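This is what each chain is made of:
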Amino acid sequence: PPVIRREDYAPPAYWIDTVDLSFDLDPTKTRVLNRMRVRRNAEQPPQPLRLDGDELNLARVLVNGQGTSFKMDGDQLVLDGLPDEFDLEIFTTCNPEKNTKLMGLYLSQDTFFTQCEAEGFRRITYFLDRPDVMASFSVTLRADRKRFPVLLSNGNLVEQGVLEDGRHFAKWVDPHRKPCYLFAIVAGCLAAREQRIVTESGSEHLLQIYVRPGDLDKTEHAMQSLMHSVAWDEARFGLKLDLERFMVVATSDFNMGAMENKGLNIFNTKYVLASPATATDVDFDGIESVIGHEYFHNWTGNRVTCRDWFQLSLKEGLTVFRDQEFSMDLARTASARAVKRIEDVRVLRTVQFPEDAGPMAHPVRPDQYAEINNFYTVTVYEKGAEVVRMYQTLLGREGFAKGLALYFERHDGQAVTCDDFAQAMSDANPGSTLALHLDQFKRWYSQAGTPRVTAVGQYDAEGQRYTLTLSQTCPATPGQAEKQPFVIPVIAGLVAPGQGDLAVSLHGGEPATAHTLVLTEPSQQFVFERVTAEPVPSLLRGFSAPVVLNQDLSDAELLALLAQDSDPFNAWEAGQRLLMRQLLAAVTGAGDLAAPLQADAVAALRSTLRRSDLDAAFKALVLTLPTESYLAEQLADVDPQRVHAVREAARRQLARDLAADWAWAFDEHEDNGSYRPDPVSSGRRSLAGLALGMLVELARETGDSVWPGKAYQRTKDAGNMTDRYAATAALVNAGHALAQPALTRFHDLFADDALVIDKWFALQAAAPDRGGDALGRVEALLRHPDFNARNPNRARSLIFSFTGNPAAFHRTDGAGYTFWREQLLAIDAFNPQVAARLARALDRWKKLAEPYRSAAHGELQKVAAHPSLSKDVREIVEKALA
Ligand code: B3K
Ligand code: ZN
């Protein structure tokens, strides 16, 4: 497929100032009349106007009201010999019912929805489908009144009324100019939860959440989250809601999480609908952060947008950072903030680090793509958010807020670049470390790969001096063999066992318990003074930079940090390092698998579990072993079955060695009373759920029937979905005989609730493989009457859960890979975007040991040889094979 390069960017040859769209909505043949005011961009050489289109039927083109000649060049409509300014009128039709790609205008449960980012608007009408062309939109919708009673678009409703033949209309005008990727319409039978608010600054707004009428009772949490979002953005950054009406609409057919269309966010139902009976704590948190994320885009993305799609992280990295900060600020306690931070870092390390080390590795600001949808990645989003976080770490909260204010002062209403953002941050903070090293800092945008930082310390007891040498390297990535040094902020403290954090001075400065070391050279020394005892260095606190830290700490030093580090992130990190070290030794060693963990590590986990000064949520994270995929990333030659066997053995060991402690933890943290999704009570549920899983696992060995019986009872009488799901998962994961009746009940109880049935599929597809039974189970589920691959949520819940289950997917006979290829090709035929995500499952095939490696390679080659692959999937598999 043709490659688009960042360096080829040129401003548009024409501007579109106004767009007046009128839709005659019909499921099989929707008619779209598009009237534009177009103006030549005098700063560009004269050239024809090339409008993008995709799967449209073109009926008529008028320039200044006159028929005109035009050419087609592939999908583009080309007009030549145009005046400098003119009215352009284009009439097309499209077929929403046949739109299985869910890009452009489509139908979901008899309701019309649109998805335009990145390049879906061209599937609605011919246009300059690029984010630097911003226009004022007005939209008239006409549709059958009974079947499509609610008609929505961006902005304000200015007119509505009844038409003949049972139809009606609504006219919407968006007061803000916007790129077409933020355009949206919705038409169907929906009901809204409404809330009028008065903001801190006194303005009044109407918030609405539209869902299918039967789902109204599941919108309270989404509305609360939206109200919190509005208040937070105004309080933390002074960013106000700029619309009279802000709408969120939910659909069950959606390619991703949600979309920030101006004033009319469209959401996957997964991130809107929740009730205690149907949604888990994780779902409640997901809703809060995605509602926040899309709302925050109203400023970071919509008021200031991207010049081109290479700049995607300008809005995505920044908005992820903002939604992370929002969730942390709502969490309130320091411990709950740390838990959120640990969860975010876990995602980064288990998904983004592998991406950055594999065939799809790309900089936060990519240099090229074949299909832009393939670059909505964890690198652009999550690593991009870490880059934004580093500005805040270097500048402080206030300096960062000043930088953001300057960014809006300069660029409100514009389409800009990552460089513009960096410049505003720097200019607002003259003399700062960032300003001093700005060009070098910007390498975070241009260089791919996860940097390695090595730390070596030396203590001079007599001089009470501690010298820390930090050095950095970065591995090669596709197209980037050599890397230049990064600017890496390393927040550091020195912990003296038995005394806690030492107040020390750095290079003769004021004594403090934490210092931000800024590593800019390949290697640098930092000298701490007044170090009164031999310390254990606590580095990269709060995960202050997205790097791998190599540090030779002994088991005893790690145990000291786990018990005493004042930074909860690093306390957790020390525990994980210790566990990882022992698990990896068991994977690579030949030793027996009965007990991969050493006694002192188990004892430390026990005392963490029993501590009364820690939150349950934090304890649950400390007591959760590193994931199989994170373990695999540390190895050169991965045998996924061996990794699985070792991790499972360690889980059994923990279940056994801490049996009495798990029983205590369950009884102590068990649900008591009404459900609230706050961090404290959800943390208790999380720890109780972990404990129950361990106790049921242990019962497999001991033959005990008490804990499985308790779990089964819970699957029947749990007061909320978090507990019900945890109990069902405990039985399913242990392969217990009670799992089947529990699953049957679960299905019967929630047969009408699609999001819960998604959980039912996911739970089974993600369960440990026992003797190779997982694939057969998944194949049987594929034939279940509730399965439907055309619904992305359902496809993800079964097929993606299976490929994300390492021991089930990586079979010595390669049958998991064959299944992957078949599903991938089937889905690619109707929804390339979803297929391209599934294609990523074999990104890391070159790391696999035999026989997995050859089997995976063979299936990848078969996919690549398929004659009618989408360009989405082609780009992924060609990179994987390169
Ligand atoms: N901006 C959208 C993502 C669009 C994805 C297009 N393939 C959602 C978000 O990041 O908020
Ligand atoms: Zn986003």
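Residues numbered from 1 in each chain as written. Chains lettered and ligands numbered in written order. Predicted model: local features only at pLDDT ≥ 70, side-chain atom pairs only at ≥ 80, totals over all residues.

**Remarks on the overall build of the chain**
The secondary structure content of the chain amounts to 28 helices and 34 strands. Relative to a compact globule of 882 residues, whose C-alpha radius of gyration would be 29 Å, the chain shows 28 Å and is just as compact. Along the longest, intermediate and shortest principal axes, the C-alpha atoms of the chain span 85 × 65 × 60 Å. Among the 882 residues that make up the chain, the fraction classed as buried is 52%. (Helix = DSSP H or I, 4+ residues; strand = E, 2+ residues; numbered from the N terminus. Rg over C-alpha atoms; globule rule 2.2 N^0.38 Å. Buried ≥ 20, exposed ≤ 12 C-beta atoms within 10 Å, placed from the backbone.)

**Some remarks on the pairing of strand 14 (residues 156-162)**
Of all seven residues in strand 14, zero are buried, a share of ten percent or less. In this sheet, strand 15 (residues 167-173) lies alongside strand 14 in antiparallel orientation, the contact comprising six bridges. By the bridge assignment for strand 15, V162 is matched with H168. Counted along the chain from strand 14 to the antiparallel partner strand 15, the turn is four residues long, and its residue D165 has a positive phi close to 60°. (Pairing = 2+ DSSP bridges.)

**Describing the environment of D420**
With respect to the helices and strands, the residue D420 is situated in helix 6 (residues 418-427). Of the residues examined, D420 has 18 C-beta atoms within 10 Å and is grouped as partly exposed. With 13 residues separating them in the primary sequence, D420 and Y407 have C-alpha atoms 7.7 Å apart.

**A short note on the domain arrangement of the chain**
As far as domains go, the chain holds domain 1 (4-296), domain 2 (305-446), domain 3 (452-552) and domain 4 (570-881). Between domain 2 and domain 3, the C-alpha centre-to-centre distance is 23 Å. The set of elements that each furnish at least two residues to the side of domain 2 that touches domain 3 consists of helix 4 (334-357), helix 5 (378-411), helix 8 (438-441) and helix 9 (443-446). Among the elements that make up the side of domain 2 that touches domain 3, the one with the highest residue count is helix 5 (five residues). For the side of domain 2 that touches domain 3, the per-class residue count stands at nine nonpolar, four polar and four charged. (Domains from an automatic or database assignment. Nonpolar A, V, L, I, M, F, W, Y, C, P; charged D, E, K, R; others polar.)

**A look at the packing of helix 25 (residues 815-828) against helix 27 (residues 852-865)**
It is the contact of helix 25 with helix 27, at a shortest axis distance of 9 Å, that shows an interaxial angle of 20°. In terms of axis orientation, helix 25 runs roughly parallel to helix 27. For helix 25 against helix 27, the interelement crossing comes out right-handed. Contact residues: helix 25 offers Y817, T818, W820, R821, L824 and L825, while helix 27 offers A855, A856, E859, K862 and V863. Considered class by class, the residues forming the contact of helix 25 with helix 27 number seven nonpolar, one polar and three charged. (Axes fitted to C-alpha atoms, helices over the stretch in contact; angles between N-to-C directions. Parallel < 35°, antiparallel > 145°, perpendicular 65-115°, else oblique. Left-handed = near helix turned anticlockwise from the far one by under 90°. Contact = placed C-beta atoms within 7 Å.)

**Thoughts on the site of ligand 1**
Lining the immediate environment of ligand 1, one finds E117, A118, M256, A258, M259, E260, H293, E294, H297, E316, N373 and Y376. Classifying every residue of the shell around ligand 1 gives five nonpolar, three polar and four charged. Structurally, the shell around ligand 1 is a two-domain feature, drawing no fewer than three residues from each of domain 1 (4-296) and domain 2 (305-446). (Near = placed C-beta within 6 Å.)

**Structural notes on the nonpolar core**
By size, the foremost hydrophobic cluster in this structure holds 266 residues, and its most contacted members are V249 and L731. Here this core takes 12 residues from helix 5, the largest share from any one element. Setting aside chain neighbours within four positions, we find L731 in contact with V696, P708, A711, Y712, H736, L738, A739 and A742. (Core = buried A, V, L, I, M, F, W, Y, C linked by C-beta atoms within 7 Å.)

**Observations regarding the UniProt feature "domain: Peptidase M1 alanyl aminopeptidase Ig-like fold" (unreviewed entry) in the chain**
Within this structure's numbering, the places UniProt gives as "domain: Peptidase M1 alanyl aminopeptidase Ig-like fold" (unreviewed entry) are residues 449-552. Secondary structure within residues 449-552 divides into 0% helix and 49% strand; the distance between the first and last C-alpha atoms comes to 22 Å. (UniProt positions renumbered as here; feature names shortened; annotations may be inferred.)

**Some words on the environment of E260**
For E260, the location among the structural elements is in the loop between strand 21 (258-259) and strand 22 (264-268). Owing to 23 C-beta atoms within 10 Å, E260 belongs among the buried residues under this scheme. Each C-alpha atom of the pair E260 and A882 lies 35 Å from the other, and the pair is 622 residues apart in sequence. Sequence-distant contacts of E260, defined by excluding residues within four places in its chain, comprise N265, E294, H297, N298, G301 and N302.

**Examining helix 19 (residues 721-733)**
In this model helix 19 runs 17 Å from its N-terminal to its C-terminal C-alpha over 13 residues, within 8% of the 18 Å that 1.5 Å per residue would give. Most of helix 19 sits out of view: 12 of its 13 residues are buried. Of the residues making up helix 19, those classed as buried are M721, T722, D723, R724, Y725, A726, A727, T728, A729, A730, L731 and V732. Looking at the buried side of helix 19, the elements it contacts are helix 2 (281-296), helix 17 (679-702), helix 18 (706-717), helix 20 (739-749) and helix 21 (754-765). In the segment just after helix 19, G735 is the residue with positive phi, at about 65°. (Expected span 1.5 Å × (residues − 1).)

**Here we look at the packing of helix 10 (residues 555-564) against helix 11 (residues 568-588)**
The geometry of helix 10 relative to helix 11 is characterised by a closest axis approach of 7 Å and an angle of 145° between their N-to-C directions. By crossing handedness, the relation of helix 10 to helix 11 is classed as left-handed. In this structure, helix 10 uses D555, L558, L559, L561 and L562 to contact helix 11, whose residues at the interface are N570, A571, A574, G575, R577 and L578. The residue makeup of the contact of helix 10 with helix 11, split by class, is seven nonpolar, two polar and two charged.

**Considerations on helix 17**
The periodicity of an α-helix, 3.6 residues per turn, causes residues three or four places apart in sequence to face the same way. A rise of 1.5 Å per residue sets the reference length of helix 17, with its 24 residues, at 34 Å; its end C-alpha atoms lie 34 Å apart and thus fit the reference within 8%. Where burial is concerned, most of helix 17 is hidden: 20 out of the 24 residues are buried. Phi for G703, located one or two positions after helix 17, is positive at around 80°.

**Some remarks on the sheet that holds strand 4 (residues 49-51)**
Strand order across the open sheet formed by three strands is 4-8-7, with antiparallel pairing between neighbours. Of all the strands in the sheet, just strand 4 and strand 7 (71-73) have a single pairing partner and so form its edges. Between one strand axis and the next, the sheet turns through 30° on average, direction left out of account. Sheet topology places strand 4 next to strand 8 (residues 76-79); three bridges connect them, and they run antiparallel. Across the sheet, the residue bridging to L51 is L77, located in strand 8.

**Thoughts on the sheet that holds strand 21**
Strand pairing in a sheet is mediated by backbone hydrogen bonds. Such pairs are either parallel or antiparallel. Across the sheet, which stays open at both edges, the five strands sit in the order 18-19-20-22-21 with mixed pairing between neighbours. At either end of the open sheet lies a strand with only one pairing partner, and these are strand 18 (191-198) and strand 21. Both strand 20 (residues 245-251) and strand 22 contribute to a ladder of five bridges, which runs parallel. Bridged to A250 within strand 22 is F267.

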